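Summary of the model geometry
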Amino acid sequence: MTISPFWIAGTTLSSRLFLGTSHYPSPQVLSDAVSASGTQVLTVGLRRLQPESGGGNSFWQRVQAMKTHILPNTAGCHTAEEAITLAQMAREIFGTTWIKLEVIGDDYTLQPDTHATLEAATLLGKEGFAVFAYTTDDLVIAQKLRDAGCAAIMPWAAPIGTGRGPLNPYALETMRRRLPDAVLVVDAGLGKPSHAAAVMEMGFDAVLLNTAVAQAGDPVRMAKAFADGVAAGRAAYESTPMPERAAAQASTPTVGVPFWHAP
């Protein structure tokens, strides 16, 4: 299914599915899943380049061979200062100004520290970074991140890795409606292709996944299923779904139609 391209951080993308690169059964499965998904953006953490993590040059070379846009992330940071330092390192290592900004405030839920995120986003924006800011579904924080010049605002649907799908659809719908010109990417908490389709039907620009694909029984088939779900959801949004109604309404006229009555 062909869907409309979109513009983000100076780049036009035809795929609205972003993928993470961790927790796959093997490097080959990762490569095959990326190919099946059609993604053009992969997010990578600096820790994946450390030899003790099983990464290093071999992992980086494999990622480069996939010929996608690299979105480095600041996963594992707990302060704005840590995130800024890691972003600066990532710019040197990966050769890109794109950065997925993550500042974690709670280790149990992995909920972002939105105040530290805003602080880091503001400073990184002044340094010329295209900031993709991971945040909650809080509208006010999203508005402030937009005002700080973030390239993309990335609200969660549910806590990272839970796979529970959108826990607060109202908040997500409100954010999309109130920020019509912002690039909004749902990041974290999606577990099924139907979840991706649901948020795309709301008008979100893209989704970012990792665990839902990497830890599926068949990551390659699941990657393709998510690609289909994203495409279907976006096509539905662009097709303008029918309005919801409080009462039933016949799809065929009943005037002049004979009815059978029991004797």
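Note: the structure precedes this text.
Please read all numbers here as calculations on a predicted model, not as lab measurements. (Residues numbered from 1 in each chain as written. Predicted model: local features only at pLDDT ≥ 70, side-chain atom pairs only at ≥ 80, totals over all residues. Heavy atoms only, no water.)

Concerning the side chain of Arg176
Selection criterion: Under the DSSP-based scheme used, a helix requires at least four consecutive residues in state H or I and a strand at least two consecutive residues in state E, with every element numbered from the N terminus. Only protein chains enter the accessibility calculation, which uses a 1.4 Å probe. A residue is then buried if its area is under 20% of the maximum for its type, exposed if over 50%, and partly exposed in between. Whenever two N or O atoms come within 3.5 Å, that pair is a polar contact, provided that in protein one can donate a hydrogen and the other can accept it, and provided that, for residues adjacent in sequence, both atoms are side-chain atoms. Residue contacts follow a heavy-atom distance rule, with two residues in contact if any of their heavy atoms lie within 4.5 Å.
Along the chain, the position of Arg176 falls in helix H6 (residues 169–178). Residue class for Arg176 comes out buried when judged on its relative accessible area of 8%. Among the polar contacts listed, one links the side chain of Arg176 to the backbone oxygen of Pro180, at a separation of 3.4 Å. A distance of 3.1 Å separates the side chain of Arg176 from the backbone oxygen of Gly203, its partner in a polar contact. Among residues more than four places away in sequence, those in contact with Arg176 are Asp181, Ala182, Leu184, Met202, Gly203, Phe204 and Asp205.

Looking at the packing of helix H7 (residues 193–201) against helix H9 (residues 219–238)
We apply this condition: Axes here refer to lines fitted to C-alpha atoms; in helices the fit is confined to the stretch in contact. Angles between the N-to-C directions go from 0 to 180 degrees. By definition in this entry, angles of less than 35 degrees are roughly parallel, angles greater than 145 are roughly antiparallel, angles of 65 to 115 are roughly perpendicular, and the rest are oblique. Left-handed is the label given to a crossing in which the near helix is rotated counterclockwise from the far helix by less than a right angle, and right-handed is the label when the rotation is clockwise. For this classification, Asp, Glu, Lys and Arg are treated as charged, while Ala, Val, Leu, Ile, Met, Phe, Trp, Tyr, Cys and Pro are nonpolar and the rest, including Gly, are polar.
Two numbers describe how H7 lies on H9: the axes approach to 7 Å, and their chain directions differ by 25°. Between H7 and H9, the interaxial angle falls into the category roughly parallel. Here the hand of the crossing between H7 and H9 comes out right-handed. Only Met222, Ala225, Phe226, Gly229, Val230, Gly233, Arg234, Ala236 and Tyr237 of H9 make contact with H7, whose side of the interface consists of Pro193, Ala196, Ala197, Met200 and Glu201. Within the contact of H7 with H9, the residues separate by chemical class into 10 nonpolar, two polar and two charged.

Observations regarding the packing of aromatic side chains
Here is the rule we go by: Stacked, tilted and edge-to-face are the three classes assigned to paired rings of Phe, Tyr and Trp, where Trp is represented by its six-membered ring and a pair needs centres within 6.5 Å; plane angles under 30 degrees give stacked, over 60 edge-to-face, the rest tilted.
Under the criterion given, the structure shown has one aromatic pair. Judged by centre distance (5.1 Å) and plane angle (45°), the rings of Trp98 and Phe132 are tilted. Placement of the pair is Trp98 in strand S6 (residues 98–101) and Phe132 in strand S7 (residues 130–135), with a sequence separation of 34 residues. Each member of the pair, Trp98 as well as Phe132, carries the same accessibility label: buried.

Re the pairing of S6
Here is the rule: Only strands joined by at least two bridges in the DSSP assignment are considered to pair. With the strands aimed away from the viewer, a crossover counts as right-handed if its path from the first strand over the helix to the second runs clockwise.
Along S6, one buried face is formed by Trp98 and Lys100 and the opposite face, lined by Ile99 and Leu101, is buried too. Here S6 runs beside S7; their pairing, made up of four bridges, is parallel. Opposite Trp98, over in S7, you have Ala130 as the bridge partner. Crossover S6 to S7 through helix H4 (residues 114–126) is right-handed.

What about the packing of helix H5 (residues 139–147) against H6?
Taken N-terminus to C-terminus, the directions of H5 and H6 make an angle of 35°; their axes are 10 Å apart at the nearest point. The two elements H5 and H6 cross, and the hand of that crossing is right-handed. Here Leu139, Ala142, Gln143 and Arg146 of H5 come into contact with H6, specifically with Thr174, Met175 and Arg178. Per-class residue counts for the contact of H5 with H6 are three nonpolar, two polar and two charged.

Some words on unusual backbone geometry
With a phi angle near 70°, His23 is a residue other than glycine that sits in the positive phi range. Secondary-structure assignment places His23 in the loop between strand S3 (17–20) and helix H1 (27–37). A positive phi angle is found at Leu110, which is not glycine, with a value near 60°. Mapping Leu110 onto the fold places it in the loop between S6 and H4.

Function-wise, these values are silent; they only describe arrangement.
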